[in-house]
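Inside the fold
Chain by chain, the residues run as shown.
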Amino acid sequence: GDSVTQMEGPVTLSEEAFLTINCTYTATGYPSLFWYVQYPGEGLQLLLKATKADDKGSNKGFEATYRKETTSFHLEKGSVQVSDSAVYFCALSVMGYGQNFVFGPGTRLSVLP
Amino acid sequence: GAVVSQHPSRVICKSGTSVKIECRSLDFQATTMFWYRQFPKQSLMLMATSNEGSKATYEQGVEKDKFLINHASLTLSTLTVTSAHPEDSSFYICSASGDRAREQYFGPGTRLTVT
């Protein structure tokens, strides 16, 4: 079945450090890929998405490129801030198989001042 | 973007009672709504998928009689936890999709505590 794997956290960085959170997937169809962010005590917010190979999603300084050849969608940010501390979920959705999302386990990021 | 609300945001109930959680799409018609459960420090687990006007489809291992889902209109779905027990305490998140595209819009979640 479809699945998403993320690097295990927690990830702790100093402010202004470079961030990479790895995400790889397996899918039986051609998925759309997403990164969601969850701040403490809140629901999920869409951070960025990509719907086809080589697309780059970007938002709030975060970027991720849909790499079909490596089945990856790694999240990057050049300079993190304390306010980026949250849990990040990689997810996929395959059209034609219902609209269900498959979420990765989440990666907790803590940014220290 | 599209907005999905949940009510209540937090609820505390006594063991054995039932509690209803509402999920509303505020500015679009949601043909499909999803209910997820999230345990502390874990990912989201899909509980069920509901299409407006039809019965919900439950994921394996989710008790239909315990988690009653109603999707009576294109803007409202409800999840009722019946005869709640402390192990039902969790964060419940709904999402809604308005078309056949691949994006879902998530509600802010409801934290249920059963004492």
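Since this is a predicted model, take the numbers as computed values, not measurements. (Residues numbered from 1 in each chain as written. Chains lettered and ligands numbered in written order. Predicted model: local features only at pLDDT ≥ 70, side-chain atom pairs only at ≥ 80, totals over all residues. Heavy atoms only, no water.)

When you go through chain B residue by residue, the secondary structure sums to zero helices and 11 strands. Here chain B has a C-alpha radius of gyration of 13 Å; the compact-globule value for 115 residues is 13 Å, and the two agree. Judged by the C-alpha coordinates and their principal axes, chain B covers about 40 × 25 × 25 Å. Going through the 115 residues of chain B one by one, you find that 49% of them count as buried. Surface summary for chain B: the accessible area is close to 5,700 Å², and the carbon and sulfur share equals 50%. Each charge class in chain B was averaged separately, 12 positive and 10 negative side chains, and the resulting centres sit 5 Å apart. (Helix = DSSP H or I, 4+ residues; strand = E, 2+ residues; numbered from the N terminus. Rg over C-alpha atoms; globule rule 2.2 N^0.38 Å. Buried < 20%, exposed > 50% of the residue type's maximum accessible area, 1.4 Å probe, protein only. Areas by Shrake-Rupley, 256 points an atom, 1.4 Å probe, with all protein chains shown as cover. Lys, Arg positive; Asp, Glu negative; His and termini not counted. Charge placed at Lys NZ, Arg CZ, Asp CG, Glu CD.)

This part covers the environment of Ser-18 of chain B. All names here are of chain B. Position of Ser-18 among the secondary structure elements: in the loop between β2 (10-13) and β3 (19-25). When its relative accessible area of 48% is taken as the criterion, Ser-18 is described as partly exposed. The spacing of Ser-18 and Phe-39 is 21 residues in sequence and 20 Å in space, taken between C-alpha atoms. Looking at Ser-18, its side chain comes within polar contact range of the main-chain nitrogen of Ser-83, at 3.4 Å. (Polar contact = N/O pair within 3.5 Å; in protein donor to acceptor, adjacent residues only side chain to side chain.)

Turning our eyes to something else, we now look at the nonpolar core. Counting 26 residues, the largest nonpolar core has Leu-19, Trp-35, Leu-48, Phe-73, Leu-75 and Tyr-88 of chain A as its most contacted members. Broken down by secondary-structure element, the contributors of at least two residues to this core are β2 (11-14), β3 (19-21), β4 (23-26), β5 (31-38), β6 (44-50), β8 (62-65), β10 (86-94) and β12 (107-112) of chain A. Residue contacts for Leu-48 of chain A: discarding those within four places in its chain leaves Leu-33, Phe-34, Trp-35, Gly-57, Ser-58, Asn-59, Phe-62, Glu-63, Ala-64, Phe-73 and Leu-75 of chain A. Within the second largest apolar cluster, 25 residues are counted, among which are Cys-13, Val-19, Ala-96 and Val-114 of chain B. (Core = buried A, V, L, I, M, F, W, Y, C linked by side-chain atoms within 4.5 Å. Contact = heavy atoms within 4.5 Å.)

All names here are of chain B. The four strands are arranged β1-β3-β8-β7 in an open sheet whose pairing can be described as antiparallel. The open sheet has two edge strands with one neighbour each: β1 (4-7) and β7 (67-73). Here the average twist between neighbouring strands, direction ignored, is 15 degrees. Strand direction decides the pairing type here: β7 and strand β8 (residues 76-81), joined by five bridges, are antiparallel. Along β8, the bridge assignment pairs Leu-68 with Thr-80. (Pairing = 2+ DSSP bridges. Axes fitted to C-alpha atoms, helices over the stretch in contact; angles between N-to-C directions.)

What follows concerns the interface of chain A and chain B. Each side of the interface is counted separately: chain A has 23 residues, and chain B has 23 residues. For the pair chain A and chain B, the summed buried surface comes to about 1,700 Å²; carbon and sulfur atoms form 50% of the total. Where chain A touches chain B, the interface holds zero salt bridges. Joining chain A to chain B, the criterion identifies three residue pairs in polar contact (both at pLDDT 80 or more). Elements that contribute at least two residues to the side of chain A that touches chain B include exactly β5, β6, β10 and β11 (101-103) of chain A. Counting residues per element, the side of chain A that touches chain B draws most heavily on β5 of chain A, at five residues. The residue makeup of the side of chain A that touches chain B, split by class, is 11 nonpolar, nine polar and three charged. (Buried area = accessible area lost by both parts, 1.4 Å probe. Salt bridge = Lys/Arg side-chain N within 4 Å of Asp/Glu carboxyl O. Nonpolar A, V, L, I, M, F, W, Y, C, P; charged D, E, K, R; others polar.)

It is worth spelling out the packing of aromatic side chains at this point. Per the counting criterion, the structure on display carries 16 aromatic pairs over all chains. On the numbers, 6.2 Å between centres and 75 degrees between planes, the contact of Phe-101 of chain A with Phe-106 of chain B is edge-to-face. Placement of the pair is Phe-101 of chain A in strand β11 and Phe-106 of chain B in strand β10 (residues 105-106), with the two residues belonging to separate chains. Note on Phe-106 of chain B: relative accessible area 9%, which makes it buried. (Phe/Tyr/Trp six-rings, centres within 6.5 Å; stacked < 30°, edge-to-face > 60°.)

Read these as layout, nothing more, since geometry by itself doesn't imply function.
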